[in-house]
Amino acid sequence: MPRPTARPRPTAAQLAYGSCTVIFSTLAMLLLSQTSSGAGIAVIALSALVLGLLVAMTVPLPKPEPAAAGSRVPEQVPVPVRRETASVGSAESARGPSGP
């Protein structure tokens, strides 16, 4: 039995553009139509949701940048980590003399 393919999650840009479209188109249509009936408001809200979904789905997805054939990928150079061991003698010498 074939496994269903998972849909990719929406990006932040898709969510932002879709949400803004729903909010602003709802406000604009309500103000322009001046409707006060429940059915009119429902139609406007539904059409704004459809418009927001359409805008969110048409936002271009970021494409991974393919490495050019001739380009060299920078190597990761390991950085040595200096580790200090804590001992009583080294802690005192780091603080300086403790008194006269």
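Keep in mind the model is a prediction, meaning the values are calculated, not measured. (Residues numbered from 1 in each chain as written. Predicted model: local features only at pLDDT ≥ 70, side-chain atom pairs only at ≥ 80, totals over all residues. Heavy atoms only, no water.)

**Thoughts on the overall build of the chain**
Secondary structure assignment for the chain yields three helices and zero strands. Taken from the N to the C terminus, the helices and strands of the chain come in the order α-α-α. Of all 100 residues assigned to the chain, the portion counted as buried reaches 11%. By element, 66% of the accessible surface of the chain is carried by carbon and sulfur atoms, the whole surface being about 9400 Å². (Helix = DSSP H or I, 4+ residues; strand = E, 2+ residues; numbered from the N terminus. Buried < 20%, exposed > 50% of the residue type's maximum accessible area, 1.4 Å probe, protein only. Areas by Shrake-Rupley, 256 points an atom, 1.4 Å probe, with all protein chains shown as cover.)

**Some remarks on the side chain of threonine 21**
Mapping threonine 21 onto the fold places it in helix H1 (residues 12-33). Assessed through its relative accessible area of 17%, threonine 21 is described here as buried. Setting aside residues no more than four positions away along its own chain, threonine 21 makes contact with Thr26, Leu51, Gly52 and Val55. (Contact = heavy atoms within 4.5 Å.)

**Notes on H1**
Under the 1.5 Å per step criterion, the end-to-end length of H1 is 31 Å for 22 residues, consistent within 8% with the ideal 32 Å. Within the span of H1, buried status applies to Gln14, Gly18, Thr21, Ser25 and Thr26. For H1, the angular spread of the buried residues around the axis is 120 degrees, confining them to a single face. Within H1, the exposed residues directed more than 90 degrees away from the buried face are Ala12, Phe24 and Leu31. Packing partners of the buried residues in H1 comprise helix H2 (38-58). (Expected span 1.5 Å × (residues − 1). Arc of directions from axis to C-beta.)

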